Amino acid sequence: MTATLIDGKAFAASVREKVAVHVARLKDEHGITPGLAVVLVGEDPASQVYVRSKGKMTNEVGMNSYEHKLAADTSESDLLDLIAKLNADSNVNGILVQLPLPDHLNEDLVINAIDPAKDVDGFHISNVGLLGTGQKAMVPCTPLGCLMMLREHHGSLSGLNAVVIGRSNIVGKPMANLLLGDSCTVTIAHSRTKDLPDVVRSADIVVAAVGRPEMVPGSWIKEGATVIDVGINRVPAPEKGEGKTRLVGDVDFASAAEVAGAITPVPGGVGPMTIACLLANTLTATCRAHDLAEPEGLTA
Ligand code: NAD
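As the structure is a prediction and not an experimental result, all values here were calculated from the model. (Residues numbered from 1 in each chain as written. Predicted model: local features only at pLDDT ≥ 70, side-chain atom pairs only at ≥ 80, totals over all residues. Heavy atoms only, no water.)

## Re the environment of V248
Link 1 in the chain: Among the secondary structure elements, V248 is positioned in strand β10 (residues 245–248).
Link 2 in the chain: Given a relative accessible area of 4%, V248 falls into the buried group.
Link 3 in the chain: The sequence separation of V248 and A113 amounts to 135 residues, and the corresponding C-alpha distance is 35 Å.
Link 4 in the chain: Apart from residues lying up to four places away in sequence, V248 is in contact with P213, E214, G231, I232, N233, V235 and V266. (Helix = DSSP H or I, 4+ residues; strand = E, 2+ residues; numbered from the N terminus. Buried < 20%, exposed > 50% of the residue type's maximum accessible area, 1.4 Å probe, protein only. Contact = heavy atoms within 4.5 Å.)

## Some words on the domain arrangement of the chain
Link 1 in the chain: Each assigned domain of the chain is listed with its residue range as follows: domain 1 (31–115) and domain 2 (141–272).
Link 2 in the chain: Domain 1 and domain 2 are separated by 29 Å when their C-alpha centres are compared. (Domains from an automatic or database assignment.)

## Points about the site of the ligand
Link 1 in the chain: By nearness alone, 22 residues border the ligand, and R167, S168, R212, I232 and T274 come closest of all.
Link 2 in the chain: The contact in question runs from a nitrogen atom of the ligand to an N or O atom on the backbone of V230, over 3.5 Å.
Link 3 in the chain: Note that an oxygen atom of the ligand is positioned 2.8 Å from one of the side-chain N or O atoms of T274.
Link 4 in the chain: Among the elements that make up the shell around the ligand, the one with the highest residue count is helix α10 (residues 270–289) (three residues).
Link 5 in the chain: Considering only residue class, the shell around the ligand consists of 10 nonpolar, 10 polar and two charged. (Near = heavy atom within 4 Å. Polar contact = N/O pair within 3.5 Å; in protein donor to acceptor, adjacent residues only side chain to side chain. Nonpolar A, V, L, I, M, F, W, Y, C, P; charged D, E, K, R; others polar.)

## Observations regarding the nonpolar core
It is characteristic of soluble globular proteins that their nonpolar side chains tend to be buried jointly.
Link 1 in the chain: Among the nonpolar cores identified, the biggest contains 53 residues, and V19 and L179 are the most heavily contacted of them.
Link 2 in the chain: Sorting the residues of this core by element identifies α1 (8–30), β2 (35–41), α6 (141–154), β5 (161–165), α7 (172–181), β7 (205–208) and α10 as the ones contributing at least two each.
Link 3 in the chain: Per element, the largest residue contribution to this core is 10 residues, and it comes from α10.
Link 4 in the chain: The residue makeup of this core includes at least three contributed by each of domain 1 (31–115) and domain 2 (141–272). (Core = buried A, V, L, I, M, F, W, Y, C linked by side-chain atoms within 4.5 Å.)

## Section: the pattern of salt bridges
Pairing is possible between side chains that carry opposite charge, provided their charged atoms lie close to one another.
Link 1 in the chain: Applying the stated rule across the entire model yields eight salt bridges.
Link 2 in the chain: One salt bridge connects E67 with K69, and the closest N-O pair in it is separated by 3.6 Å.
Link 3 in the chain: Of the residues examined, E67 reaches a relative accessible area of 37% and is grouped as partly exposed.
Link 4 in the chain: Assessed through its relative accessible area of 56%, K69 is described here as exposed.
Link 5 in the chain: For K222, the salt bridge goes to D204, with nearest N and O atoms at 2.7 Å. (Salt bridge = Lys/Arg side-chain N within 4 Å of Asp/Glu carboxyl O.)

## Overview of empty space enclosed by the protein
Link 1 in the chain: One pass over the structure, following the stated rule, counts one cavity of 30 Å³ or more.
Link 2 in the chain: Taken as a whole, the largest cavity spans an internal volume of roughly 40 Å³.
Link 3 in the chain: As for the largest cavity, its lining consists of A137, M138, V139, L144, N281, T284, R288, L298, T299 and A300.
Link 4 in the chain: Looking at the lining of the largest cavity, the element that brings in the most residues is α10, giving three residues.
Link 5 in the chain: Partitioning the lining of the largest cavity into residue classes produces six nonpolar, three polar and one charged. (1 Å grid on protein atoms, 1.4 Å probe; cavity = no way out; pocket = protein on both sides within 12 Å on 5 of 7 lines; lining within 4 Å. Points joined across faces, edges and corners; volume = space filled by probe spheres on them.)

## Focus on the sheet that holds strand β6 (residues 185–189)
Link 1 in the chain: If you trace the six strands from one edge of the open sheet to the other, you get β1-β11-β8-β7-β5-β6, paired in parallel fashion. Edge positions in the sheet fall to β1 (4–5) and β6, since each has one partner strand and no second.
Link 2 in the chain: Pairing analysis gives five bridges linking β5 to β6, with the strands arranged parallel. For V163, the partnering residue across the bridge sits in β6 and is T187.
Link 3 in the chain: In the packing of α7 onto the sheet, the strands contacted are β5, β6 and β7, and the crossing angle to β5 comes to about 170°. (Pairing = 2+ DSSP bridges. Axes fitted to C-alpha atoms, helices over the stretch in contact; angles between N-to-C directions.)

## Quick notes on the layout of surface pockets
Link 1 in the chain: As a volume, the largest pocket reaches approximately 1,300 Å³.
Link 2 in the chain: Lining the largest pocket are 42 residues; nearest its centre among them are Y50, T142, I232, G271 and T274.
Link 3 in the chain: Put simply, the parts of the chain that give the lining of the largest pocket at least two residues each are α2 (45–60), β4 (94–97), α6, β9 (233–236) and α10.
Link 4 in the chain: Among the elements that line the lining of the largest pocket, the one with the most residues is α2, at seven residues.
Link 5 in the chain: Partitioning the lining of the largest pocket into residue classes produces 25 nonpolar, 11 polar and six charged.
Link 6 in the chain: When residues of the lining of the largest pocket are assigned to domains, at least three map to each of domain 1 (31–115) and domain 2 (141–272).
Link 7 in the chain: Reported here for the second largest pocket is a volume of approximately 360 Å³.
Link 8 in the chain: As for the second largest pocket, its lining consists of 16 residues, of which D108, F123, V128, N169 and I170 are closest to the centre.
Link 9 in the chain: Every element with two or more residues in the lining of the second largest pocket is listed here: α4 (107–111), α5 (125–132) and α7.
Link 10 in the chain: For the lining of the second largest pocket, the class distribution of residues is nine nonpolar, four polar and three charged.

Written out as structure tokens, the structure reads:
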């Protein structure tokens, strides 16, 4: 391997440490403890794991964590009532509704019911619009984590060619907007893109957010490029025993690491940064709510 490994796990730990220091100062100087409310509807096992680990890390940085677990058949009006209560609760600075929601609930309606100032996932239409127009927004956690790693590695991103593979509302599109905000020349590639390998070969920065295991081989990567692999895919791992699995990204790590200048691993790259950025966003929302200075280096 010739590429520098971008260690998301270590970087995420340093982000959480910065958050914890700022939270301690908020408590000491202003008597404020940031609070994050997480709403989980139903019993999806993966979502339960995410919610547990979010709650644990929220407490570890000194914030209050409020978990609201609702039955899978909760009505839309009951869920909207809970969101209205959380919007009105001054102890709650951030609200996250764990997605996906059960089919009978309208995700757009639910997300857009959250007070945009408490929308720590950055999915509310107001925050999407603010980010798209280069204004101060709550920014989706995963792309924010990618941006932080890119800034840390490159310093300035100005003028670099960035190719984002994937156009989802939670990763691809906000990622492209953030890179534009840092003055990259941005291409968004997707499932209908023609000559994807050639498009990717033009990139100084590649962000892969597709959801297809090891789809991007090293032969598509320009020598020296920085590769951020957002994908999390579980694949069979017979070498570990019958029925065992392992996690891989959207990039074929082994071949890409031979050509890239820097690369994030899976696991241990973007994943840990996502929760760290959720905590950073909750802190940012708290500071904005109280008209206090925002933490440096933890926002877009
Ligand atoms: P999505 O399914 O909403 O979007 C996938 C995108 O990939 C689509 O825009 C589609 O056009 C594009 N695509 C599909 N096939 C393609 C192809 N052959 N060539 C080029 N583009 C293609 O997915 P998402 O929610 O954006 O997530 C993408 C991946 O990132 C998934 O593996 C997901 O698990 C992972 N993810 C990781 C984190 C994290 O914290 N690390 C957070 C969110 C998502």
